[in-house]
Amino acid sequence: MNDDTRQQNTEKTPAIRRSVMDAIVKGRVTMRPRWHFILISALVAVGALFVLLSLFYMVSLSVFFLHDSGAWLIPSFGGRGWFSFLRSIPWLLVFLIVVFAVLLEVLVRRYAFVYRKSLLLSAAIIVVIIFLGGFLIAATPFHRQMAFYADHNELPPPLAFVYGASFRAPPPPDVYHGIILATTTGGFIIVDQNGAGTTTVRINDRTRLPDGVDFSVGTNVVVVGDRVGSSTVQAFGVRESDE
Amino acid sequence: MAEETDEAIALRVQAGDGEAFGELIERYQAKLSRYAHKFLLDPDDAADIVQDIFIKSYQNIQSFDATRRFSPWIYRIAHNEFVNALKKRQSRGTVFTIDFDTLFPHLTAPDTADSAAIERDTRASLDRYLDKVSPKYREPLVLYYLEEMDYKEISEILQIPVSTVGVRLARGRAALFKIAGPQPLYE
């Protein structure tokens, strides 16, 4: 900056007070009322709370979908199990969870107790909180009840849409979840959870079975295996499900 | 009689005493002008920007919590105005994009016996080389060495972790010393 400009700025300095006070006295500049700031703070707080509750809901819904499809148990079958598990993840929900988590971080970043922490630490705390809340809700019968109502067309359209097929990942073709209807010499027959169809499950000495579990009629099981007939599956592994 | 605090004056303004705001302008005009000149590197419109800061401060004074200190509050408004001014100047992008300094937690180094010498050297090189340091590191240097704010106040103004203030100051000092080169910083 040249000396002339510096001189001009210096001359302007005493004028600042006069100019600002003149604007205030003549009413050209007015104070925003306190309620304006209280309203903004309240809106941000309510918005952040809404986003947090939505995150709890979406995380718990994802966990419910994974439980419901039986995919929750299949990583224990090793590489093949993990592959099927990844295909079972409701990725649309996961995407929404990431978007909402970023939104939550942005909303709460204005608070000193958040911006005083590193971005990574505050993000990690948010992730822990939403997973804890999500798993707590998933442990309640809430989603099971809602899915039941959705199956019986007793939910309003937006909720029925959520519990329908739209958000669920398509079931992996090699995972079968159902209740044992009858036992056979080489395995058992399961009926799927909706009672819509049966599948015959064949077990051989290479099938991965949990120790000490008696697969009797009425046991809820998850089976990973290859279809060998129209309704027959050669089991790669079987796990008892608590759903 | 003790001088009335900034917070007490701000309370009077909040209560409707508009004239009291003049006292706050009196107290902060020189400081904010210096902050503007050092951070924005003697902009032609420094006086206009400082005037805008006072106008915004008056408009938003009801958002000031009088149980806290007034100076970080008004400096926060100044910071926002300056960042906007820098954004306007730059033809592309934003001034601060993804800030990796705030991404990870940092440990703040404790003061050592060398601290006083480093501080003396930094102060000596500020006048000569500050304009060559990037705005991201220039601003904490200005706030710490020229405005004499502490880490916590700078953290409040920039809304970054206290440890990140330490990191930026260290990097700002390193940049200053690198620019200054091996020659003595002051004779």
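A. Highlighting the overall build of chain A. In terms of regular secondary structure, chain A is built from eight helices and five strands. When the helices and strands of chain A are listed from N to C terminus, the series reads α-α-α-α-α-α-α-α-β-β-β-β-β. What you see for chain A is a C-alpha radius of gyration of 29 Å, clearly larger than the 18 Å of a compact globule of 243 residues, by over 25%. Buried residues in chain A amount to 26% of all 243 residues. For chain A, the proportion of contacts with a sequence separation of at least 24, taken over those separated by at least 6, is 60%.

B. Representation of the domain arrangement of chain A within the structure. What the domain assignment lists for chain A is domain 1 (34-163) and domain 2 (175-240). The distance between the C-alpha centroids of domain 1 of chain A and domain 2 of chain A comes to 32 Å.

C. View of the pairing of strand 3 (residues 198-202) of chain A. Residue and element names in this part refer to chain A. Side chains Thr 199 and Val 201 project from strand 3 onto a buried face, and the interleaved Thr 198, Thr 200 and Arg 202 project onto a face without burial. With three bridges joining them, strand 3 and strand 5 (residues 232-240) adopt parallel strand pairing. Looking across to strand 5, one finds that Thr 200 is bridged to Thr 232.

D. Spatial organisation of the sheet that holds strand 4 (residues 220-227) of chain A. Residue and element names in this part refer to chain A. Ordered in space as 1-2-3-5-4, the five strands form a closed barrel in which the pairing is mixed. Mean inter-strand twist for the sheet, computed between neighbouring axes without regard to direction, equals 55°. When strand 4 meets strand 5, the two strands line up antiparallel, connected through seven bridges. Considered in strand 5, the bridge of Asp 226 is made with Gln 234. Together, strand 1 (175-184), strand 4 and strand 5 form the strand contacts of helix 3 (residues 79-88), whose direction differs from that of strand 4 by roughly 105°.

E. Seen up close, unusual backbone geometry. For Asn153(A), which is not glycine, the phi torsion reads 55° and is therefore positive. On the secondary structure map, Asn153(A) appears in the loop between helix 7 (142-151) and helix 8 (157-163). Judged by C-beta crowding, with 7 C-beta atoms within 10 Å, Asn153(A) ranks as exposed. Positive phi, close to 55°, is recorded for Gln159(B), a residue that is not glycine. Residue position: Gln159(B) is located in the loop between helix 7 (151-158) and helix 8 (162-180). Here Gln159(B) falls in the partly exposed class, since 17 other C-beta atoms lie within 10 Å of it.

F. Broad picture of the environment of Lys117(A). With respect to the helices and strands, the residue Lys117(A) is situated in the loop between helix 5 (112-115) and helix 6 (119-138). Given 19 C-beta atoms within 10 Å, Lys117(A) falls into the partly exposed group. Those residues in contact with Lys117(A) that sit more than four places away from it in its chain are Ser122(A) and Pro161(B).

G. Here's a closer look at the interface of chain A and chain B. Counting from both sides, the interface comprises 27 residues of chain A and, opposite them, 30 residues of chain B. Of all elements in the fold, only helix 1 (3-25), helix 2 (34-69) and helix 6 of chain A reach the threshold of two or more residues within the side of chain A that touches chain B. Here the side of chain A that touches chain B gets 13 residues from one element, more than from any other, and that element is helix 1 of chain A. Taken together, the residues of the side of chain A that touches chain B break down into 15 nonpolar, five polar and seven charged.

H. Highlighting the environment of Val83(B). Position of Val83(B) relative to the elements: it lies in helix 4 (residues 70-89). With 18 C-beta atoms counted inside 10 Å, the residue Val83(B) sits in the partly exposed group.

Cut-offs applied
- Residues numbered from 1 in each chain as written.
- Chains lettered and ligands numbered in written order.
- Predicted model: local features only at pLDDT ≥ 70, side-chain atom pairs only at ≥ 80, totals over all residues.
- Helix = DSSP H or I, 4+ residues; strand = E, 2+ residues; numbered from the N terminus.
- Rg over C-alpha atoms; globule rule 2.2 N^0.38 Å.
- Buried ≥ 20, exposed ≤ 12 C-beta atoms within 10 Å, placed from the backbone.
- Contact = placed C-beta atoms within 7 Å.
- Domains from an automatic or database assignment.
- Pairing = 2+ DSSP bridges.
- Axes fitted to C-alpha atoms, helices over the stretch in contact; angles between N-to-C directions.
- Nonpolar A, V, L, I, M, F, W, Y, C, P; charged D, E, K, R; others polar.

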